[in-house]
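# Structural characterization, general
Each chain, letter by letter, is given below.
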Amino acid sequence: MALLQISEPGQSLDPHQRRVAVGIDLGTTHSLVAAVRHGVAECLPATDGRVILPSVVRYLDPALGGSGRQIGFDALAAQVQDPANTVSSVKRLMGRSRAQVVDVDKLAYTVVEQDGMAVVETVAGRKTPMEVSAEILATLRFRAEDSFDDELYGAVITVPAYFDDAQRQATKDAAQLAGINVLRLINEPTAAAIAYGLDNGSEGVYAIYDLGGGTFDISILRLTQGVFEVMATGGDSALGGDDFDQALAAWVLAQQGVGATLNPSERAAVHAEARRVKEVLSSSASESFRAVVAGRTIEQTVSPADLEACTAALTTRTMTAVRKVLRDAGITKDEVKGVVMVGGSTRMPVIRRTVGEFFGQEPLTNLNPDEVVALGASIQANALAGNSKDGDLLLLDVIPLSLGIETMGGLVERIVPRNSSIPTALAQDFTTYQDGQTALALHVVQGERDLVGDCRSLARFELRGIPPMVAGAARIRVTFTVDADGLLSVSAKEQGSGVEARVDVKPAYGLSDEQIAAMLQDSFATAQQDIQARALVEARVDADRMIAATRTALAADTDLLEGDERQQIDALIEALTQAVGSTDAATVEAATAALAKGTEAFAALRMNRGIRQALAGKKLEEV
Amino acid sequence: MNLNLQSNDFEIFGMAPGFGLDRAALDARWKDLQREAHPDRFATADAQAQRVAMQWSVRINEAYQRLKDPLKRAVYLCELHGAPIQAENNTAMPAAFLMQQMQWREDLDEASGLADLERMADEVTAARRDMLQGLQTTSDELRDWPALAQQVRALMFVERFARDVESRIDLLGQ
C-alpha cells in the first residue's frame, strides 16, 4: 500500500507532483482500467486479483434495501436467474434510439423509448445507457483510487473508432456521471496501436483489426518516431462476438427443430451457452451444446467447421470493411507491415486464418487482446497528464464518419469528409431559397449516404433574424468544428448582417447539462458530498493548475513580454493566489478567469514561437 | 517571417508556393507542426493556451488537407493568384472533353460486372495522372493562372466521375 501524502494546509499543488491518470476500456462485454506505474503500463486488478470487470449491472428491487445493484462478476452470475434486471452489452444502446438498436428484441431485458433514447426498464426504474455505463466506470474509478490511494486526476476512455458523434457524447456523459475528468476520448484501435507500437518500437504502416464483443473496427495507422497517424478507419458499430454467439445459438435451435419463442431466461441461458461453446471451440475439435428450452433438454455436438459455416456471413462482412478502409487510406495490402489483432473475438481461429490469408502474413497476437486497449489508453493518459518524461508520443487521429447538413430535397451536403484529421474546422456557404426568407433551419447529419434519411440525425437548429433579401442573395457560412475528442459543434453566420447562431451538438437522445446536473445530484458520484463544497474544491484545483501553468510559461518565455506586461501578469497571479484562500467558489473562478484573460496575448505569442521553431526544424527543448 | 493564423498555407508549411511539392517533406512538416500545436500538448495547460492550441492545430490541419490533395492545391493556387475557379458559374468546356465525359457516363451506365468497373477505374486513373502533369506545367512553368483554373475545372469533372465509379464498385461489394 502506498504511503499517504500529507500536504501543509493551503499549500499549492506542486506542478511536478505525479497525477493519477488512467486508461479505461469501456467494452461491450467487459471493461478494464490500466495505469502506468514505474514506467510500465499495467491493468489494475480488483481486490480478488482479477483485472477484467464484466460490463454487467444488475438492479435489485429497492424494496429489498441494500445498495440496490450488483456490478461485474456478481451481476454476471445472476444473469440467467434474473435476466430482466441484469443489463449487459449496454454499449450497444449508447447514443441510440430504440429503433436504432440492432436486434433489440433479442436482448434478455426490456428496452423502451424515452425522449428519443433507448432506456432499460428495470425493477429499480428506467435506467439510461449512460447511467448503466456510469456504474461500470465508477467501479473502475474507485479501483484506481484504491490502487493509488489518491484521487483520480483524469482518464482517457476508449471508444470504437466507428462510434458516431452521439455515441461519443453519450460515453463522455457517462464518465461525467461517474465523476471522472475525461482527458480525452481515443479510438480503441489507436490505443491498441500505442500499446503495440511502443512495446515493439515499430515503424511503418499497420492494420489494427479489432473485433470486440459488440463492435468491429479496422484502422490503418502509420507509425513514425512516436507519431501515431491514423490514415483511415472503418468498421461496423453493430457487429461483434455477440453476433457470432447469436448466429451459433440460432443454428443449434434450427438443428434441434426448436421453433418456439424463448422466454428471457432461456434466451440468456442459450446465449451464454453459445458463447461458452464458441470459446471452447477456439482450442478444441468438438464441443457439446447443452441447454433446456421449452421444457426439454437439447444437446448438439458442434465442430469448428459448423461454427465457421454458420458465422461465415459475419466474417465476410468484416473483410468487406477491411478492403474499403485500405482504399480510403490509399494503400494496398502489400504495404501493410503488420496486422495487430485486438478484442477477445480475434481468438477465433477462423478470424485469424481469414485475416492472415488476406494480408499474406501471420497476424500479431503477442499482447493479450483483452488488455491491449486499456494499456494503450493508460500510456496516452500518462502523457496527457504530463507525467511522461519523453513527450514524444503524439496521436494524430481522424473523424470516422462524414458530417454534413441537409439541403433542399432531403440531400446531404458533406462538409467534413470522413478520415479528415482532427481537430478540424471546415466551412461552407449556403443561401436562402425564397425571397424575404428571414430564418434558416439547419439539420446536422452524420454518415456516408447521399439521402438524409439514410444518415444519422445529430442536431437541428435555426438561424433567425436574417434581413429580408431576394432568394439567393444571403451568404450564410456554416462552420463545423470537430475537437480532439472527435466531438462536433456547429455555427452559422450570415456574412452581410453578421447574424449568428451556434450549437454544441447534443443529440436529441443525449443528455442536456441540466439533466446531467440533476442525475449527479442523486448519483454515487456526489451522494455523500455537498455540491457546493465540491465546486469550491474544483475551483481551487483549477486555480492552482492555472497558476502553475502560468509560472511555467513565464519561466520559459518571459522575454516575449514587453513593458509592464510581466508585472500585470504577476499581479493577476498574486490576486488569484489570494482568492484561492476564499471559501466562495465564484470568487476563485472570477480570479482564475481574470488571469486567463490577462494571459491570452502571451499564450498566442508563445504558440507563434513554438510554430516558428518547428519550421526552423528545431524542437522547443533544443532552443 | 512572422506567422499567424492568416498566413497562407505555403507560408505555414514553410514551402515555396507551387503545384509540385515534395509529399514526404509535407508529411514530415505536418507532424513537426502538430508536435508543437496539438491540443494533447496542452492537456494540463490553462484554458487560454488550450484555445490557442486548438486554433493552430485546426489551421495546420486545414492547410495540410489543402496542400496534400492535388486538386485542392491547384484551386488554392488559382485563388492566391487572383484567378478563382467559380466552378458553378463557369461550366464552359472544350467540346472534345465533353464528348469524352458523355462517353464515360454511357460506359458506366452499361457496365455490369466488377471487371468492367475496374477497367473504367484504371482508365480514369490514367486520365487523371495525365491531367495532373498538365497542371504542373501550367502552374510551375507557364504560371498561366486563368489556364490553370480552366484545367482545374476539367479535373473536377474527372474526379467526380472517379467517385461515381468507386461508389458503383462499393455497391457491388455489399
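Procedures and definitions
- Residues numbered from 1 in each chain as written.
- Chains lettered and ligands numbered in written order.
- Predicted model: local features only at pLDDT ≥ 70, side-chain atom pairs only at ≥ 80, totals over all residues.
- Heavy atoms only, no water.
- Pairing = 2+ DSSP bridges.
- Helix = DSSP H or I, 4+ residues; strand = E, 2+ residues; numbered from the N terminus.
- Axes fitted to C-alpha atoms, helices over the stretch in contact; angles between N-to-C directions.
- Contact = heavy atoms within 4.5 Å.
- Buried < 20%, exposed > 50% of the residue type's maximum accessible area, 1.4 Å probe, protein only.
- Phe/Tyr/Trp six-rings, centres within 6.5 Å; stacked < 30°, edge-to-face > 60°.
- Core = buried A, V, L, I, M, F, W, Y, C linked by side-chain atoms within 4.5 Å.
- Salt bridge = Lys/Arg side-chain N within 4 Å of Asp/Glu carboxyl O.
- 1 Å grid on protein atoms, 1.4 Å probe; cavity = no way out; pocket = protein on both sides within 12 Å on 5 of 7 lines; lining within 4 Å.
- Points joined across faces, edges and corners; volume = space filled by probe spheres on them.
- Nonpolar A, V, L, I, M, F, W, Y, C, P; charged D, E, K, R; others polar.
- Domains from an automatic or database assignment.
- Expected span 1.5 Å × (residues − 1).
- Buried area = accessible area lost by both parts, 1.4 Å probe.
- Parallel < 35°, antiparallel > 145°, perpendicular 65-115°, else oblique.
- Left-handed = near helix turned anticlockwise from the far one by under 90°.
- Polar contact = N/O pair within 3.5 Å; in protein donor to acceptor, adjacent residues only side chain to side chain.

Residue and element names in this part refer to chain A. In space, the four strands of this open sheet follow the order β21-β20-β23-β24, with antiparallel pairing throughout. The open sheet has two edge strands, β21 (411–416) and β24 (456–463), and neither has a second partner. Neighbour to neighbour, the strand axes of the sheet diverge by 30° on average, direction disregarded.

Pairing between the strands of a sheet comes from backbone hydrogen bonds, and it takes one of two forms, parallel or antiparallel. All names here are of chain A. What the three strands build is an open sheet, ordered β6-β5-β7; its pairing is antiparallel. For this open sheet the edge positions go to β6 (69–71) and β7 (86–88), each flanked by a neighbour on one side alone. With direction set aside, neighbouring strand axes in the sheet form an average angle of 15°. In this fold helix α2 (residues 129–148) packs onto β5 (56–59), β6 and β7, with an angle of close to 115° to the strand it touches most, β5.

Residues and elements named next belong to chain B. Tracing the backbone shows phenylalanine 19 in the loop between α1 (9–12) and α2 (23–37). Overall, the relative accessible area of 3% leaves phenylalanine 19 in the buried class. With 55 residues separating them in the primary sequence, phenylalanine 19 and alanine 74 have C-alpha atoms 6.4 Å apart. Not counting chain neighbours up to four residues away, the residues in contact with phenylalanine 19 comprise Pro70, Arg73, Ala74, Leu77, Leu132, Leu135, Gln136, Ser139 and Asp140.

As a further point, take the packing of aromatic side chains. How two aromatic rings sit relative to each other is set out by the distance from centre to centre and by the angle between their planes. Enumeration according to the criterion identifies seven aromatic pairs over all chains in this entry. Taken together, a centroid distance of 5.0 Å and an interplanar angle of 90° make the contact between A:Phe358 and A:Phe359 edge-to-face. Assessed through its relative accessible area of 15%, A:Phe358 is described here as buried. Geometrically, the ring pair formed by B:Trp30 and B:Tyr64 is stacked, given 4.1 Å between the ring centres and 5° between the ring planes. Of this pair, B:Trp30 sits in helix α2 while B:Tyr64 sits in helix α3 (residues 47–68), and the two are 34 residues apart along the sequence.

Time to look at the nonpolar core. Of all hydrophobic cores here, the largest spans 56 residues; its most connected members are A:Met607, A:Ile611, B:Phe13, B:Trp56, B:Ile60, B:Leu135 and B:Val152. Not counting residues within four places of it along the chain, the set of residues in contact with B:Ile60 comprises A:Ile611, B:Ile12, B:Phe13, B:Trp30, B:Leu33, B:Gln34 and B:Ala37. Residues A:Leu137, A:Ala170, A:Ala174 and A:Val182 belong to the second largest nonpolar core, which totals 44 residues.

This model, assessed by the stated rule, comprises 45 salt bridges over all chains. A salt bridge links A:Asp245 to A:Lys278; the shortest N-O distance between them is 2.9 Å. With A:Asp245 in helix α5 (residues 241–255) and A:Lys278 in helix α6 (residues 264–281), this residue pair connects regions lying 33 residues apart in the sequence. Both residues of the pair, A:Asp245 and A:Lys278, belong to the buried class. Among the salt bridges present, the one from B:Glu159 reaches B:Arg128, with a minimum N-O distance of 2.5 Å. Placement of the pair is B:Glu159 in helix α7 (residues 145–173) and B:Arg128 in helix α6 (residues 114–142), with a sequence separation of 31 residues. Here B:Glu159 falls in the buried class, since its relative accessible area comes to 14%. Via salt bridges that share partners, A:Lys172, A:Arg184, A:Asp485 and B:Asp40 belong to a single interconnected network.

The next subject is empty space enclosed by the protein. Residue and element names in this part refer to chain A. Overall, the coordinates contain three cavities of 30 Å³ or more when judged by the stated rule. A volume near 110 Å³ is recorded for the largest cavity. Lining the largest cavity are 16 residues, and of these Leu185, Ile186, Asp397, Ile422 and Ala484 lie nearest its centre. At four residues, strand β12 (residues 182–187) tops the list of elements feeding residues into the lining of the largest cavity. Of the residues assigned to the lining of the largest cavity, the class counts are seven nonpolar, four polar and five charged. When residues of the lining of the largest cavity are assigned to domains, at least three fall in each of domain 1 (20–240 + 313–397) and domain 3 (399–525). Reported here for the second largest cavity is a volume of approximately 70 Å³. Around the second largest cavity, the lining residues are Leu26, Gly27, Ser55, Val90, Lys91, Met94, Ser133, Ile136, Thr158, Val159, Phe163 and Thr171. Residue assignment for the lining of the second largest cavity shows that the elements contributing at least two residues are α2 and β11 (154–159).

In a regular helix each residue adds 1.5 Å, so 13 residues correspond to 18 Å; helix α10 (residues 372–384) of chain A covers 19 Å between its end C-alpha atoms and thus fits that length. For α10(A), the set of buried residues is A:Val372, A:Val373, A:Ala374, A:Leu375, A:Gly376, A:Ala377, A:Ser378, A:Ile379, A:Gln380, A:Ala381, A:Asn382 and A:Leu384.

The subject of this paragraph is the interface of chain B and chain A. Across the boundary between the two partners, chain B contributes 41 residues, which contact 50 residues of chain A. Here chain B and chain A share an interface that buries about 3,700 Å² over both sides, 60% of which is from carbon and sulfur atoms. Where chain B meets chain A, there are three salt bridges. Between A:Glu600 and B:Arg51 there is a salt bridge; the shortest N-O distance is 2.8 Å.

Before going further, it helps to examine the packing of α2(A) against helix α3 (residues 165–177) of chain A. Residue and element names in this part refer to chain A. Where α2 meets α3, the axes come as close as 8 Å, and the angle between the chain directions of the two elements is 55°. The angle between α2 and α3 places the two elements in the oblique class. With respect to the hand of their crossing, α2 and α3 are arranged in right-handed fashion. Across the interface between the two elements, Met130, Glu131, Ser133, Ala134 and Leu137 of α2 pack against Ala170, Asp173, Ala174, Ala175 and Leu177 of α3. Per-class residue counts for the contact of α2 with α3 are seven nonpolar, one polar and two charged.

Moving on to the domain arrangement of chain B. In terms of domains, chain B is made up of domain 1 (9–68) and domain 2 (95–173). The gap between the C-alpha centroids of domain 1 of chain B and domain 2 of chain B is 31 Å.

All names here are of chain A. Secondary-structure assignment places asparagine 382 in helix α10. Overall, the relative accessible area of 8% leaves asparagine 382 in the buried class. Each residue touching asparagine 382, except ones within four places of it in the same chain, is listed here: Arg18, Ala21, Val36, Asn387 and Ser388.

Right, let's talk about α2(B) for a bit. In a regular helix each residue adds 1.5 Å, so 15 residues correspond to 21 Å; α2(B) covers 21 Å between its end C-alpha atoms and thus fits that length. Residues B:Leu26, B:Asp27, B:Trp30, B:Lys31, B:Leu33, B:Gln34, B:Arg35, B:Glu36 and B:Ala37 constitute the buried set of α2(B). Buried residues along α2(B) sit in contact with β14 (216–224), β15 (227–236), β19 (394–396) and α15 (600–615) of chain A together with α1 and α3 of chain B. Put simply, B:Asp22 is the residue that caps the front of α2(B), since its side-chain oxygen is 3.0 Å from the backbone nitrogen of B:Ala24.

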